[in-house]
Amino acid sequence: MSADQPMTAIVEYQIRQENSTMDEWLAEWDKRAEDARQGEPETTAYASAINLENALNVLVFERYAQGDRSLGLHADRPAHTALIDTMGERRMTKRRIMSTRFTDLNDFGWWGRPESHDGNAEGMILVILGLRFADAEMGEAFVQLSSEHAAYCWENEPDTVIYSGGLARTDADRELDIKQGDLIFVMGCTDMAAVEKHRDDPNHLALGGKMVEQQLAMENTFRRMYRTTGKGFAWRG
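Cut-offs used in this document
Just so you know, the residues in each chain are numbered from 1, in the order the chain's sequence is written. The predicted origin of the model limits local features to residues at a pLDDT of at least 70 and limits the giving and counting of side-chain atom pairs to 80 or more, whereas totals for whole chains, interfaces and linings rest on all residues. Think of the side-chain values as coming from all heavy atoms in the structure, minus any hydrogens and water. Salt bridges are defined by distance alone: a side-chain nitrogen of Lys or Arg within 4 Å of a carboxyl oxygen of Asp or Glu. Helix numbering and strand numbering both begin at the N terminus, where a helix is a DSSP run of H or I of at least 4 residues and a strand a DSSP run of E of at least 2. Classification of residues uses two cut-offs on accessible area relative to the type maximum, computed with a 1.4 Å probe and protein chains only: under 20% is buried, over 50% is exposed, and between them is partly exposed. At least two bridges found by DSSP between two strands is the condition for calling them paired. Helix span, as expected, comes to 1.5 Å for every residue beyond the first. In this description, one arc is meant: the one made by directions from the helix axis to the C-beta atoms. For a residue, the bend is simply the angle between two axes, fitted respectively to the seven-residue segment ending there and the seven-residue segment starting there.

Help me understand the pattern of salt bridges, please; the structure alone is not making it clear to me.
It is possible for side chains of opposite charge to pair when their charged atoms get near one another. Inspection of every chain in the model, using the stated rule, returns 17 salt bridges. Two residues, arginine 32 and aspartate 35, come together in a salt bridge whose shortest N-O distance is 3.0 Å. Of this pair, arginine 32 and aspartate 35 both sit in helix H1 (residues 22–39), three residues apart, which is roughly one turn of the helix. Of the two residues, arginine 32 and aspartate 35, neither departs from the other in class, the shared state being buried.

Looking at this structure, I do not really get the pairing of strand S2 (residues 43–51). What am I missing?
For a regular strand, side-chain orientation follows a simple rule: the groups alternate between the two sheet faces. Of all nine residues making up S2, eight are buried, and the element is well covered by its neighbours. Of the pairings in the sheet, the one linking S2 to strand S3 (residues 57–64) comprises seven bridges and is antiparallel in character. If you follow alanine 49 over to S3, its bridge partner there is leucine 59. As judged from the five bridges shared by S2 and strand S9 (residues 218–233), these two strands associate in the antiparallel manner. Counterpart to alanine 49 in the pairing with S9 is threonine 228.

When you look at helix H3 (residues 78–90) in this model, what are you seeing that I'm missing?
The end-to-end C-alpha distance of H3, which contains 13 residues, comes to 18 Å, matching closely the 18 Å that a straight helix rising 1.5 Å per residue would cover. Restricting attention to buried positions, one finds in H3 the residues His80, Leu83 and Met87. Around the axis of H3, the buried residues are gathered within 60 degrees of arc, so they sit on the same side. Residues of H3 that are exposed and angled more than 90 degrees away from the buried face: Pro78 and Glu89.

Is there a simple way to think about H1 in this case?
An α-helical turn contains 3.6 residues, so any two residues separated by three or four positions project in the same direction. When the terminal C-alpha atoms of H1 are compared, their 25 Å separation across 18 residues agrees well with the 26 Å that a helix rising 1.5 Å per residue should span. At tryptophan 29, H1 shows its largest kink, close to 25 degrees.

See the structure below:
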(Lines give C-alpha, C1' and ligand atoms only; values in the text may rest on other atoms or scores of the structure.)
Protein backbone atom coordinates (compact mmCIF):
# COMPACT_ATOMS: atom_id res chain seq x y z
CA MET A 1 0.00 0.00 0.00
CA SER A 2 1.38 3.36 -1.04
CA ALA A 3 1.15 6.35 1.31
CA ASP A 4 -0.26 8.52 -1.48
CA GLN A 5 -3.09 6.19 -2.54
CA PRO A 6 -6.66 7.40 -1.91
CA MET A 7 -7.48 6.81 1.73
CA THR A 8 -10.53 6.84 4.00
CA ALA A 9 -10.31 7.69 7.70
CA ILE A 10 -13.05 7.18 10.28
CA VAL A 11 -13.04 8.54 13.82
CA GLU A 12 -15.85 8.16 16.36
CA TYR A 13 -16.19 10.52 19.29
CA GLN A 14 -18.49 10.67 22.30
CA ILE A 15 -19.65 14.15 23.25
CA ARG A 16 -19.43 15.35 26.84
CA GLN A 17 -23.12 15.91 27.42
CA GLU A 18 -22.66 17.97 30.58
CA ASN A 19 -20.78 20.57 28.50
CA SER A 20 -22.31 20.27 25.04
CA THR A 21 -25.35 19.08 23.17
CA MET A 22 -24.88 17.18 19.94
CA ASP A 23 -26.23 20.16 18.01
CA GLU A 24 -23.65 22.45 19.63
CA TRP A 25 -20.83 19.98 18.92
CA LEU A 26 -21.89 19.66 15.29
CA ALA A 27 -22.24 23.42 14.85
CA GLU A 28 -18.64 23.91 15.98
CA TRP A 29 -17.38 20.99 13.88
CA ASP A 30 -19.28 22.24 10.82
CA LYS A 31 -17.08 25.34 10.72
CA ARG A 32 -14.14 23.01 10.10
CA ALA A 33 -16.11 21.06 7.50
CA GLU A 34 -16.91 24.23 5.59
CA ASP A 35 -13.24 25.19 5.58
CA ALA A 36 -12.41 21.75 4.18
CA ARG A 37 -15.05 22.17 1.50
CA GLN A 38 -13.71 25.55 0.44
CA GLY A 39 -9.98 25.16 0.93
CA GLU A 40 -9.07 21.48 0.59
CA PRO A 41 -9.64 20.14 -2.92
CA GLU A 42 -7.84 16.90 -2.00
CA THR A 43 -10.30 16.25 0.85
CA THR A 44 -13.03 14.48 -1.12
CA ALA A 45 -15.34 13.75 1.83
CA TYR A 46 -15.63 15.22 5.32
CA ALA A 47 -18.95 14.42 6.94
CA SER A 48 -20.51 13.44 10.25
CA ALA A 49 -23.01 10.78 11.26
CA ILE A 50 -24.65 9.69 14.52
CA ASN A 51 -24.22 6.14 15.81
CA LEU A 52 -27.65 4.46 15.62
CA GLU A 53 -27.00 2.60 18.88
CA ASN A 54 -25.72 5.57 20.91
CA ALA A 55 -26.98 9.08 20.25
CA LEU A 56 -23.97 10.58 22.10
CA ASN A 57 -21.51 9.11 19.58
CA VAL A 58 -20.66 10.93 16.37
CA LEU A 59 -18.62 9.52 13.51
CA VAL A 60 -16.45 11.74 11.34
CA PHE A 61 -15.56 10.10 8.04
CA GLU A 62 -12.92 11.63 5.83
CA ARG A 63 -11.51 10.80 2.40
CA TYR A 64 -8.20 12.00 1.05
CA ALA A 65 -7.36 11.84 -2.65
CA GLN A 66 -3.61 11.61 -2.11
CA GLY A 67 -3.52 9.69 1.16
CA ASP A 68 -1.06 10.94 3.77
CA ARG A 69 -0.14 13.99 1.68
CA SER A 70 -3.74 15.20 1.61
CA LEU A 71 -4.22 14.40 5.30
CA GLY A 72 -1.14 16.48 6.09
CA LEU A 73 -2.57 19.44 4.20
CA HIS A 74 -5.82 19.01 6.13
CA ALA A 75 -4.07 18.92 9.52
CA ASP A 76 -2.01 22.02 8.70
CA ARG A 77 -5.02 24.28 8.14
CA PRO A 78 -5.54 27.03 10.77
CA ALA A 79 -9.19 25.96 10.98
CA HIS A 80 -8.04 22.52 12.16
CA THR A 81 -6.04 24.01 15.01
CA ALA A 82 -8.94 26.31 15.87
CA LEU A 83 -11.35 23.35 16.10
CA ILE A 84 -9.06 21.40 18.40
CA ASP A 85 -8.44 24.45 20.60
CA THR A 86 -12.11 25.44 20.85
CA MET A 87 -13.40 21.96 21.62
CA GLY A 88 -10.57 21.45 24.09
CA GLU A 89 -11.21 24.71 25.93
CA ARG A 90 -14.93 24.03 26.13
CA ARG A 91 -14.37 20.32 26.93
CA MET A 92 -17.00 19.34 24.39
CA THR A 93 -15.66 15.84 23.66
CA LYS A 94 -15.61 13.17 26.36
CA ARG A 95 -13.46 10.63 24.52
CA ARG A 96 -12.41 9.16 21.21
CA ILE A 97 -14.24 5.87 20.77
CA MET A 98 -12.23 4.53 17.88
CA SER A 99 -10.31 5.49 14.76
CA THR A 100 -8.81 3.74 11.77
CA ARG A 101 -7.53 4.47 8.28
CA PHE A 102 -7.81 2.28 5.24
CA THR A 103 -6.34 2.53 1.76
CA ASP A 104 -8.98 2.26 -0.94
CA LEU A 105 -9.08 -0.87 -3.06
CA ASN A 106 -8.25 -0.23 -6.71
CA ASP A 107 -11.17 -0.36 -9.15
CA PHE A 108 -13.65 -1.40 -6.48
CA GLY A 109 -17.17 -0.03 -6.20
CA TRP A 110 -17.75 3.70 -5.92
CA TRP A 111 -18.16 6.56 -3.45
CA GLY A 112 -21.16 8.79 -4.01
CA ARG A 113 -23.63 9.45 -6.79
CA PRO A 114 -23.13 13.20 -7.34
CA GLU A 115 -25.05 13.14 -10.61
CA SER A 116 -28.28 12.14 -8.84
CA HIS A 117 -27.92 12.53 -5.05
CA ASP A 118 -26.88 15.31 -2.68
CA GLY A 119 -23.67 14.60 -0.78
CA ASN A 120 -24.83 17.05 1.91
CA ALA A 121 -28.02 15.12 2.66
CA GLU A 122 -29.18 14.43 6.19
CA GLY A 123 -30.46 10.96 7.05
CA MET A 124 -28.34 8.74 4.81
CA ILE A 125 -27.46 5.42 6.44
CA LEU A 126 -23.85 4.29 6.60
CA VAL A 127 -22.98 0.65 7.27
CA ILE A 128 -19.34 -0.06 8.16
CA LEU A 129 -18.07 -3.64 8.37
CA GLY A 130 -14.78 -5.23 9.30
CA LEU A 131 -13.92 -8.44 7.46
CA ARG A 132 -10.96 -10.76 8.08
CA PHE A 133 -9.91 -13.69 5.93
CA ALA A 134 -7.86 -16.78 6.64
CA ASP A 135 -5.25 -15.69 4.10
CA ALA A 136 -4.58 -13.03 1.46
CA GLU A 137 -5.74 -15.26 -1.40
CA MET A 138 -9.17 -15.69 0.18
CA GLY A 139 -9.41 -11.95 0.70
CA GLU A 140 -8.59 -11.31 -2.95
CA ALA A 141 -11.18 -13.87 -4.06
CA PHE A 142 -13.84 -12.19 -1.91
CA VAL A 143 -12.95 -8.76 -3.28
CA GLN A 144 -13.42 -10.11 -6.80
CA LEU A 145 -16.86 -11.50 -5.93
CA SER A 146 -17.86 -8.29 -4.18
CA SER A 147 -16.54 -6.13 -7.03
CA GLU A 148 -18.76 -8.02 -9.47
CA HIS A 149 -21.70 -7.48 -7.13
CA ALA A 150 -20.86 -3.77 -6.91
CA ALA A 151 -21.41 -3.48 -10.66
CA TYR A 152 -24.86 -5.04 -10.21
CA CYS A 153 -25.67 -2.65 -7.34
CA TRP A 154 -24.60 0.36 -9.38
CA GLU A 155 -27.08 -0.53 -12.11
CA ASN A 156 -29.93 -1.85 -10.01
CA GLU A 157 -29.82 -0.01 -6.67
CA PRO A 158 -29.94 3.74 -7.37
CA ASP A 159 -30.43 4.46 -3.66
CA THR A 160 -27.24 2.62 -2.72
CA VAL A 161 -25.02 5.69 -2.93
CA ILE A 162 -21.74 4.31 -1.53
CA TYR A 163 -20.22 0.87 -2.06
CA SER A 164 -16.56 1.04 -1.17
CA GLY A 165 -13.80 -0.73 0.69
CA GLY A 166 -10.17 -0.62 1.66
CA LEU A 167 -7.41 -2.36 3.58
CA ALA A 168 -6.67 -1.29 7.15
CA ARG A 169 -3.28 0.39 7.37
CA THR A 170 -2.65 -0.43 11.04
CA ASP A 171 -4.18 -2.28 13.97
CA ALA A 172 -6.91 -0.33 15.78
CA ASP A 173 -5.79 1.13 19.12
CA ARG A 174 -9.14 0.79 20.88
CA GLU A 175 -12.64 -0.71 20.90
CA LEU A 176 -12.81 -2.22 17.40
CA ASP A 177 -11.15 -5.49 16.44
CA ILE A 178 -9.13 -4.29 13.43
CA LYS A 179 -5.82 -5.75 12.33
CA GLN A 180 -3.58 -4.39 9.61
CA GLY A 181 -4.72 -5.79 6.27
CA ASP A 182 -8.36 -6.34 7.31
CA LEU A 183 -10.95 -5.34 4.74
CA ILE A 184 -13.05 -2.38 5.88
CA PHE A 185 -16.25 -2.14 3.86
CA VAL A 186 -18.48 0.94 3.69
CA MET A 187 -21.98 1.04 2.23
CA GLY A 188 -24.18 4.10 2.15
CA CYS A 189 -27.90 4.24 1.33
CA THR A 190 -30.43 7.04 1.17
CA ASP A 191 -32.48 5.53 4.01
CA MET A 192 -33.08 2.32 5.95
CA ALA A 193 -35.49 1.00 3.34
CA ALA A 194 -32.68 1.12 0.78
CA VAL A 195 -30.38 -0.74 3.21
CA GLU A 196 -32.99 -3.47 3.58
CA LYS A 197 -33.55 -3.64 -0.18
CA HIS A 198 -29.83 -4.21 -0.68
CA ARG A 199 -29.68 -6.78 2.11
CA ASP A 200 -32.63 -8.81 0.81
CA ASP A 201 -31.79 -8.70 -2.90
CA PRO A 202 -31.44 -12.26 -4.28
CA ASN A 203 -28.14 -11.37 -5.93
CA HIS A 204 -26.76 -10.22 -2.58
CA LEU A 205 -28.01 -13.34 -0.81
CA ALA A 206 -26.37 -15.48 -3.50
CA LEU A 207 -22.94 -14.19 -2.49
CA GLY A 208 -23.03 -16.50 0.52
CA GLY A 209 -23.41 -19.54 -1.71
CA LYS A 210 -20.57 -18.41 -3.94
CA MET A 211 -18.32 -18.03 -0.90
CA VAL A 212 -19.18 -21.58 0.18
CA GLU A 213 -18.39 -22.87 -3.30
CA GLN A 214 -14.98 -21.21 -3.20
CA GLN A 215 -14.41 -22.28 0.42
CA LEU A 216 -13.72 -18.74 1.58
CA ALA A 217 -13.21 -18.49 5.34
CA MET A 218 -14.27 -15.04 6.57
CA GLU A 219 -14.80 -13.48 9.99
CA ASN A 220 -17.03 -10.43 10.41
CA THR A 221 -15.13 -8.56 13.14
CA PHE A 222 -17.51 -5.62 13.62
CA ARG A 223 -20.57 -3.93 12.16
CA ARG A 224 -21.76 -0.40 12.90
CA MET A 225 -24.49 1.79 11.49
CA TYR A 226 -24.79 5.56 11.42
CA ARG A 227 -27.16 8.27 10.13
CA THR A 228 -25.65 11.34 8.46
CA THR A 229 -26.28 14.72 10.07
CA GLY A 230 -26.26 16.93 6.98
CA LYS A 231 -23.13 18.65 8.31
CA GLY A 232 -20.11 18.43 6.05
CA PHE A 233 -20.09 16.62 2.71
CA ALA A 234 -20.17 12.90 1.99
CA TRP A 235 -18.90 13.64 -1.52
CA ARG A 236 -18.40 16.70 -3.66
CA GLY A 237 -21.06 17.73 -6.16
